[in-house]
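# Notes for the structure review
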Amino acid sequence: MTKSDVVTVRGLRKAYRDRVVVDGLDLDVHAGEILGLTGANGAGKTTTVECIQGLRRPDSGTLSVLGFDPVTQAARMRRLLGSQLQDSALPDRLRVAEAVELFAQHQARHGDELLMRFGLAARRKSAFSSLSGGERQRLFLVLALLNQPRLVILDELTQGLDPAARRNVWDAIRQLHADGTTVLLVTHEMVEAEALCDRIVVMRDGGVLDSGTPAELVARHANVAMVHFTWPDPPAALLEELKVLSGVRGVKRSAARITVVGSRATIAHVGAVLVRYGSVPADLDVQVPSLDDAMLTLLNGAPGQAGTAPVTDGQLIGGRR
Amino acid sequence: MNAMGRLVKAEMKLMVRDPLVLTFVFVFPIVTMLIIGGAFGTTPTPAFENTNPSHWYVASYLTVTIAAGGLVMLPVHLASYRERGVLRRFTAAGFPRWSFAIAQLIVGLITVTAACALLLAVAAPVYGIPPVHGAWRVVAALVLGAVAFVSIGVLLGTLLPSARSAQAVGLLIFFPSFLLGAGGPPPHVMGHMVKAVAGPLPLTQLTDAVRDPWLGIGHATGSLLVVAAMAVAATAIAARRAAL
């Protein structure tokens, strides 16, 4: 564990009877970063997070969270930890304001301010059972942030939230980040991960498949961009020039419709060529690979095919592979 | 306020909002005490150890309140918490390991104390409250019995997988115990077999330990010791099981 690591996990293994859920996992969460933990269902994300929170005892491996061992020093660790759990609830008849009062430790910030910020001020006297799914999630976030934690663990936080509420929650997470709080975010939403996370760790079968910044993951696993435009009777020289551009994997022509497939850098080169030919088509359209595409590639194990339709030889009219 | 105080405060509010608690711990013992207590008149008879039958039931029904709290209210409450992940949330939020178990014991004891007081308040103008012959033994039995049954309730709540199963098991234990050990016919009118089954029941032991010294029938020292042993054992196991 380096000085700047808030969480260090080495060789974590956890099995439920004979089913190994986490198998030799190594993970670091650096101070002040938002780390996204993602992967397919059953990849072991929640179990990993539960071990970090001290809710499950690992079969083997070492964990350090905020300098504490989550197994033997859980109580001290949890005072500095804010947690939003994937599957949990509050007592049905507990009111919103009572929940805030119940979970507030000595160092807690003013609960009303958080309730106001997350649109729950008017629901202070409402019972937990009467809250909608989105309101419950927002209340859990309020409770997770209440005690000014140094590390916040959020598991499937925005599940069930409407777009406005989700944006509101994202803003709150960005504010936490700006305040220097470290965030471990478990999510299936790649849009969310791309919007919020400094780094992403992708898990499969209980281990780490890959990690990096969103841009690095996209570059490694979905570096296929497409440029589409319409050009009736294009000059042969234009097509030839497009084929040999740096990064271009292929050029496809279907009547007047032209598609250039290549790396992200291709976009700039194609643009430059079109400008030189004196015309930028009005319907110029660029398809950029997303983190979602990178995840599909990673999790399905088929590199180079994400984000775009597979480019087959039959479709290509030229270009370098 | 510390974590324990906050938990006790919140749990007390939740208890009084729970219709199951209000029905089984507060209303049911009073209603049945009023009915059964009036069914056998007020003339002392040998079936009731030569005591006033109404007074017999007033003394007995305090333990029905305790049993209802322990066997019906708490198991459902706790199993529901476990089933829905409430306990995990308390754990993750950093509540001290023993805070929840102790808070449940405190809340359970406050609830049954309040229910007992209400039962006596209702019984007083109707049947009168019988004079207490062995006050210290009665108080000791009530306190130890409350601790024992609250702990049994906490234990059942941690063992049973869901609120529904806790309700089913709780009621299954409560009603036979209630009929054979406190609120049903007196032991003298029971058949040999029924008496043999009823005798060792925890609620029978508690009722004997409360009623006998209260009405001056006897000391019931053996029953008091059994209740004390139950209290110690059940509390030790329940506290371990309910630790966060």
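Owing to the predicted nature of the structure, the values given are computational and were not obtained by experimental measurement.

Rules of the game
Residues numbered from 1 in each chain as written. Chains lettered and ligands numbered in written order. Predicted model: local features only at pLDDT ≥ 70, side-chain atom pairs only at ≥ 80, totals over all residues. Helix = DSSP H or I, 4+ residues; strand = E, 2+ residues; numbered from the N terminus. Rg over C-alpha atoms; globule rule 2.2 N^0.38 Å. Contact = placed C-beta atoms within 7 Å. Nonpolar A, V, L, I, M, F, W, Y, C, P; charged D, E, K, R; others polar. Buried ≥ 20, exposed ≤ 12 C-beta atoms within 10 Å, placed from the backbone. Expected span 1.5 Å × (residues − 1). Pairing = 2+ DSSP bridges. Domains from an automatic or database assignment. Axes fitted to C-alpha atoms, helices over the stretch in contact; angles between N-to-C directions. Left-handed = near helix turned anticlockwise from the far one by under 90°. Core = buried A, V, L, I, M, F, W, Y, C linked by C-beta atoms within 7 Å.

Here the focus is the overall build of chain B. Assigned secondary structure in chain B consists of 10 helices and zero strands. When the helices and strands of chain B are listed from N to C terminus, the series reads α-α-α-α-α-α-α-α-α-α. Since a compact globule built from 244 residues should have a radius of gyration of about 18 Å, the 18 Å found for chain B is in line with a globular shape. Seen through its C-alpha atoms, chain B measures out along the principal axes to roughly 60 × 35 × 30 Å. Considering only intrachain contacts with a sequence separation of at least 6, the fraction spanning at least 24 residues in chain B is 81%.

What follows concerns the overall build of chain A. Of regular secondary structure, chain A possesses 11 helices and 13 strands. In terms of its C-alpha atoms, chain A occupies a principal-axis envelope of roughly 75 × 45 × 35 Å.

Taken together, the contact between chain A and chain B spans 18 residues of the former and 17 residues of the latter. Residue assignment for the side of chain A that touches chain B shows that the elements contributing at least two residues are α2 (74-78) and α3 (96-103) of chain A. Considering every element that reaches the side of chain A that touches chain B, the biggest residue donor is α3 of chain A, with four residues. Its residues placed into classes, the side of chain A that touches chain B shows nine nonpolar, three polar and six charged.

Right, let's get into unusual backbone geometry. Across residues other than glycine, the phi torsion is negative in most instances, and most of the peptide bonds are trans. All names here are of chain A. The phi torsion at leucine 66 lies on the positive side, around 55°, for a residue other than glycine. Note on placement: leucine 66 falls in the loop between β4 (60-65) and α2. Leucine 66 sits in the buried class, given 20 other C-beta atoms within 10 Å.

Moving on: helix α1 (residues 3-16) of chain B. Taking 1.5 Å per residue as the helical rise, α1 of chain B with its 14 residues ought to reach 20 Å, and the 20 Å between its terminal C-alpha atoms agrees with that figure. Within α1 of chain B, burial applies to Leu7, Val8, Ala10, Glu11 and Met15 of chain B. Buried-residue contacts for α1 of chain B involve α3 of chain A together with α2 (19-39) and α5 (99-126) of chain B.

The next subject is the pairing of strand β10 (residues 225-230) of chain A. All names here are of chain A. Of the pairings in the sheet, the one linking β10 to strand β12 (residues 257-262) comprises six bridges and is antiparallel in character. Bridging across to β12, valine 227 finds its partner in valine 260. In terms of strand pairing, β10 meets strand β13 (residues 285-287) through three bridges, oriented antiparallel. Within β13, the residue paired with histidine 228 across the bridge is aspartate 285.

Turning to the environment of phenylalanine 90 of chain B, a few remarks are in order. Tracing the backbone through its elements, the reader meets phenylalanine 90 of chain B in helix α4 (residues 86-92). Here the alpha-carbon distance between phenylalanine 90 of chain B and phenylalanine 100 of chain B, two residues 10 residues apart in the chain, equals 8.4 Å.

Residue and element names in this part refer to chain A. By the assigned domains, chain A splits into domain 1 (5-212) and domain 2 (220-300). Between domain 1 and domain 2, the C-alpha centre-to-centre distance is 41 Å. Across the boundary between the two partners, domain 1 contributes nine residues, which contact seven residues of domain 2. Within the residue set of the side of domain 1 that touches domain 2, elements represented by two or more residues are α7 (190-196), β8 (199-204) and β9 (207-212). Of all the elements, α7 adds the most residues to the side of domain 1 that touches domain 2, at three residues. Class assignment for the residues of the side of domain 1 that touches domain 2 results in five nonpolar, one polar and three charged.

Turning to the environment of arginine 19 of chain A, a few remarks are in order. Along the chain, arginine 19 of chain A turns up in strand β2 (residues 19-30). Once the C-alpha coordinates of arginine 19 of chain A and serine 254 of chain A are considered, the two residues, 235 residues apart in sequence, prove to be 51 Å apart.

Bringing the packing of helix α3 (residues 53-84) of chain B against helix α9 (residues 202-215) of chain B into the picture now. Residue and element names in this part refer to chain B. α9 packs onto α3 with a crossing angle of 145° between their chain directions and a minimal axis gap of 9 Å. Where α3 crosses over α9, the handedness of that crossing is right-handed. Every residue of α9 that contacts α3 at His55, Trp56, Ala59, Ser60, Leu62, Thr63, Ile66 and Ala67 is listed here: Leu203, Leu206, Thr207, Val210, Arg211, Trp214 and Leu215. In terms of residue class, the contact of α3 with α9 is made up of 10 nonpolar, four polar and one charged.

Right, let's get into the sheet that holds strand β1 (residues 5-16) of chain A. Residues and elements named next belong to chain A. With antiparallel pairing, the three strands of this open sheet are ordered in space as β2-β1-β4. The sheet is open, and its two borders are formed by β2 and β4, each paired with just one other strand. Adjacent strand axes in the sheet meet at a mean angle of 15° when their direction is disregarded. Seen against the sheet, helix α1 (residues 45-52) touches β1, β2 and β4 and runs at an angle of roughly 120° to β1.

The next point concerns the nonpolar core. Counting 163 residues, the largest nonpolar core has Ala99, Val142, Leu184 and Leu185 of chain A together with Ala67, Ala68 and Val227 of chain B as the members making the most contacts within it. Take this core: its biggest share by element is 18 residues, from α3 of chain B. Here this core gathers at least three residues from each of two domains, domain 1 (5-212) and domain 2 (220-300) of chain A. In contact with leucine 185 of chain A, not counting residues within four places along its chain, are Ile34, Leu35, Gly36, Leu37, Leu154, Leu157, Leu196 and Cys197 of chain A.

Let us look at the environment of threonine 72 of chain A. Its location among the elements puts threonine 72 of chain A in the loop between β4 and α2. Since 10 C-beta atoms lie within 10 Å of it, threonine 72 of chain A is described here as exposed.

Our focus in this paragraph is the sheet that holds strand β6 (residues 151-155) of chain A. The pairing of strands in a sheet comes from backbone hydrogen bonds and takes either a parallel or an antiparallel form. All names here are of chain A. Read from one edge of the open sheet, six strands run β5-β6-β7-β3-β8-β9, paired in mixed fashion. What marks the edges here is a single partner per strand, and that holds for β5 (81-84) and β9. Here the strands of the sheet are splayed against their neighbours by 15° on average, with no regard to which way each runs. Note that strand β3 (residues 34-39) and β8 share five bridges and pair parallel. Within the sheet, the bridge partner assigned to glycine 39 lies in β8 and is methionine 203. This element, helix α8 (residues 214-221), spans β8 and β9 of the sheet and lies at about 105° to β9.

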